[in-house]
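What follows is the residue order along each chain.
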Amino acid sequence: MKKYNLNKWFCTNIALFISVVNGLLLISNSVLAGESNLLKINNLRCENLSDLQSLDRQFPGFGWVLESKERGQKQTAYQIIVTDSEGNLMWNSEKIDSSESSYVKYAGKLLKSSSDYYWKVRVWDKDDKPGKYTTRAHFATAFMDQKDWKAHWIGRGPLKEPVVRWGTNYETADLELIKDMEPDYQSTLLRKEVVLNKQVKSAKIHVCGLGLYELYINGSKIGKTREHVPLKTDYSKQVLYNSYDITNTLGKGSNVIGIMLGNGWFNPQKKYWDWRMQWWGSPKAIVQVEITYKGGSTATIISDQSWKTSPGPVLNSCIYDGEEYDATLEQEGWDKKGFNDADWKNANLVQAPAGKLVAQLAPSITVVETIEPKSVKEVKPGVFVFDMGQNFAGWARISCKGNRGTKIQLRHAENINEDGTLNIETLGYAKNTDTYVLKGGGSTEVYEPHFTSHGFQYLEVTGYPGKPAVEDVIGCVANSDCPTIGNFECSNELVNHIYHCTFWTHRSLMQGLPVDCVQRGERLGWGADAMLMAEGTIYNFDASQFYAKWFADLELHRDGETGNLPIISPWNGSMESYPAWSSAYVIMNWYSYLYYGDKQLLARHYDNMKSYVDYLQTKSSGNIQPRDGSGDWKSLAVAVRGGPLLISTAFYYYDAKVVAESAKALGKTKDAEKYGQLAEEIAQAFNNVFQTNKRIGFKYGENTQCESAAPLFLGIAPENTQSTVVKNLIDDIEAHDVHLTTGFYGVKWVMEALPVYGRADIAYQLLTQKTYPSWGDMTKGRTTVSETWEGTGTNNHGGLGGAPNPWIFKTLLGINPDPENPGFKRIIINPYIPDDMTYAKGSTRTIKGLVESSWVKENGKVVLTVSIPANTTALICLPCADPANVEEGNNNAGMAPGVSYLGVENNKVNYEIESGQYQFIFNDINEN
């Protein structure tokens, strides 16, 4: 008989028994507690940013995205826990009954400067079952008060410099103060060696270098390898600084902090001192390091006269002209310990910029992608031209090996001549030229500029030792580091090409602010270009903080006495009345609310939006505005600048309507009534003055496409005249052989209005037109959108590029926000399905999650597949007249789970659906 060790058997099996019982108890408790596993939480954000390092506001907003495979799953409550770095509780929201998952305002203890915080969230599902807490997310504060700054501004420049007041006349406004000044454009190196006698527990550095800076600690670059920081502002009003966690970079013993300063927009070349660029002073920096040692003691390192300085290897840097870099002037190890800085001078205490220091929340300009050239050709002896295959914003990285002192020149352009040489016509005043002097020594050297950027597709290389190969050059795509969230593809290759061109134009023009172009001597935040590009940018990129930063720029530039707004920002220029340009502040704030649902941001800017409408009211006569300063820019149908005459009043109405809707959203009932009534009065005046030939056609103005589209787009045309105005618009389009005659604004209004009035087919014909004037013609052989229909001006420009991209998302894919439920709390899917297309598919990652819409034609049927994020709902509008022929999941759609039939309207079957994935199958209306 086998013998058993009873003690061993008992111990083993009783442990197993206890384990099983505990497991059963855990399961039982989970069931009793009703814990939900149906809602997953991801993408935790503070101020709509992941791992935020530079918060300088006491009551930030938290957000998260919910996912579930179950239809109709939603959040009914949430609970947020916030702790500091020691685990001390800062805020326990307790259970809050709410479906809100974006911009949930912090309401805990006051946050401290230069500190780390952690937060987590759990939610209750549709059945009121709580889920598990997320893993904790991190955010860190910058300085919560200006008094926290102990550091001094330092540099190589003088202690006192003239403070120039840039007014409307750049030739005379205070320029006497600096007319004889010759600024130093060479880069500045600053270093500080410090000894830490204890082990570092945590360390943060807060830094600003004007115009641009690169930060190094112990020889390591802090931040991205190449990025332009801080972002451009009006330095007389606001200066942005950056904060970084450097805990793992500092160590016990000797440490070196190093900074290289470039000119940026702060110290621009004298030849550009006018409306393009304004001079603010010599390059300078401010640095403050906050250290907590293991054991709890603290230390602060500040920039002061004890820092050492020397000229750097960048001989000159200019945003427009390029950079000159002499590698023979490099000082090896200058940013590391042990470097002999005996020949360096002590830094000067310099005059601080007038602007207030504010933490930069908006993403920096950095290298977001690299591309390889398609080809390289020797177009002349020693002249090599690389075709990058894509027009983009950024610079070239070149590898080379040669003798010390060899000078390589890199010129950039958008086009080439027939002989393959560079065509620089679109560059205007800008040289767009970088030079690099080799240090030699036999090793391969790699150069890319530090403090400039270019808009180009073609790169000319001269002075190269030998013949460069394709692999010796890399294109560095540099723009605001806003993640790509949108994509699109369809069966029509021309539409795919236009989408590609507009996508790259939108991407290129995100340069810390929405600029008009990236290649010529301009690159400014023009209101019209920004407004027209906004929706396409929002569908394709996570741009919430990008735009919030620009709204702050505009806010600082408004005329506090009159309420007037600038036409460019940041800018210290004229405050002329250009409603078609200045209205960007009002309308884009509404876009931000519509697409992101940020009511706090809308509230911040509401009074200024309202003040601008009040200002326009003082400029109006009988609710009609004077002629605009620019009007439908680049129009083919308007001969006089500022025309058509109705455009300024159209924006007056638009602004009043937006303010009324904003007041309604913010619960300002009296304002909503007041500005709603004003909008109605403007509309009436608009129709009385501009609607001509009322008896025989209800034509507006000269009956151009822009003039017909404006009242349709804005909803100004009286209902009994709308069909006639639509006919007038289409008649003019057809009279021009289905071509547009509009400029920047008219093109958007035409494309947006036609689908609303049931003529998406005409808009589609305009989109796919191949002959001049059209996008098909303009983008032939190109990869971005041009400034003009002729393809002239610049070839990577806002304005005319603003209409196709959002039309593709809103009309072809049918993905639209619901104005009554902003921030995609409710989504409208209303696709247009052209006869000559077989499929279209795309998505955009909204603040609530991924929204997908795709359709394909199969055997006389259309299959529409949609994905709606958890915690949202959607309205589905199908181009099908008979609900009996609509199926979803092998059911009649009206009987499918999560689907509610709403009825038929305008030959479209409408359903309300809960969140989840759906596949609707219906008859192809074009087959009937």
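Located above this text is the structure these notes cover.
Criteria and thresholds
Residues numbered from 1 in each chain as written. Predicted model: local features only at pLDDT ≥ 70, side-chain atom pairs only at ≥ 80, totals over all residues. Heavy atoms only, no water. Core = buried A, V, L, I, M, F, W, Y, C linked by side-chain atoms within 4.5 Å. Buried < 20%, exposed > 50% of the residue type's maximum accessible area, 1.4 Å probe, protein only. Pairing = 2+ DSSP bridges. Helix = DSSP H or I, 4+ residues; strand = E, 2+ residues; numbered from the N terminus. Polar contact = N/O pair within 3.5 Å; in protein donor to acceptor, adjacent residues only side chain to side chain. Contact = heavy atoms within 4.5 Å. Disulfide = S-S within 2.5 Å. Phe/Tyr/Trp six-rings, centres within 6.5 Å; stacked < 30°, edge-to-face > 60°. Lys NZ or Arg CZ within 6 Å of the ring centre and 35° of its normal. Axes fitted to C-alpha atoms, helices over the stretch in contact; angles between N-to-C directions. Parallel < 35°, antiparallel > 145°, perpendicular 65-115°, else oblique. Left-handed = near helix turned anticlockwise from the far one by under 90°.

As a further point, take the nonpolar core. In this structure, Met588, Tyr745, Trp775, Ile876, Tyr911, Ile913 and Phe920 are the most contacted members of the largest nonpolar core, which totals 209 residues. Ranked by size, the runner-up nonpolar core spans 27 residues in total, among them Leu196, Ile205, Tyr213 and Ile257.

In the sheet, strand S26 (residues 375-380) pairs with strand S27 (residues 383-400) via 5 bridges, with the strands oriented antiparallel. Bridge pairing in S27 links Ser375 to Asp387. Between S26 and S27, which pair antiparallel in sequence order, lie 2 residues; one of them, Gly382, sits at a positive phi of approximately 80°.

Once that is clear, we can look at the pairing of strand S10 (residues 188-196). Where burial is concerned, most of S10 is hidden: 7 out of the 9 residues are buried. The pairing of S10 with strand S16 (residues 253-262) spans 9 bridges and is antiparallel. Along S16, the bridge assignment pairs Leu190 with Ile259. For S10 and strand S19 (residues 308-311), the ladder comprises 4 bridges, and the chain directions are antiparallel. Within the sheet, the bridge partner assigned to Leu189 lies in S19 and is Ser310.

Looking now at the sheet that holds S16. As summarised here, the arrangement of the 6 strands in space is S13-S12-S16-S10-S19-S22, forming an open sheet in which the pairing is antiparallel. Every interior strand has two partners, whereas the edge strands, strand S13 (220-222) and strand S22 (345-346), have only one.

Assignment of secondary structure puts Asn415 in strand S29 (residues 415-416). A polar contact is formed between the side chain of Asn415 and the side chain of Asn795, at a distance of 2.6 Å. The contact partners of Asn415, leaving out residues within four places of it in the chain, are Leu422, Asn423, Thr426, Tyr458, Arg782 and Asn795.

Applying the stated rule across the entire model yields 0 disulfides. The structure places no disulfide on Cys877, whose sulfur is separated from the nearest cysteine sulfur, that of Cys880, by 13 Å. Overall, the relative accessible area of 8% leaves Cys877 in the buried class.

Turning our attention to the packing of aromatic side chains. In total, this model carries 51 aromatic pairs according to the counting rule given. Centroid distance Tyr595 to Phe824: 5.9 Å. Interplanar angle 50°. Geometry classified as tilted. You can see Tyr595 sitting in helix H6 (residues 584-596) and its partner Phe824 sitting in the loop between strand S38 (815-817) and strand S39 (826-829), a full 229 residues away along the chain. With respect to burial, Tyr595 and Phe824 carry one shared label: buried. Among the aromatic side chains, those forming a connected cluster through ring pairs are Phe488, Tyr499, Phe503, Trp504, Tyr539, Phe541, Tyr595, Phe809 and Phe824. Taking the ring centre of Tyr133 as reference, the NZ or CZ of Lys120 above it sits at 4.8 Å. Looking at Lys232, its charged tip hangs above the ring of Trp265, at a distance of 3.5 Å from the centre.

Running from amino to carboxyl end, H6 crosses helix H8 (residues 647-665) at an angle of 40°, the nearest separation of the two axes being 9 Å. If you check the angle between H6 and H8, you find them oblique. The element H6 and its partner H8 pack so that their crossing is left-handed. Taken together, the residues of H8 that come into contact with H6 (itself represented by Val586, Ile587, Trp590, Tyr591 and Tyr593) are Phe651, Tyr654, Asp655, Val658, Val659, Glu661, Ser662 and Ala665.

Shape descriptors only; they carry no functional weight alone.
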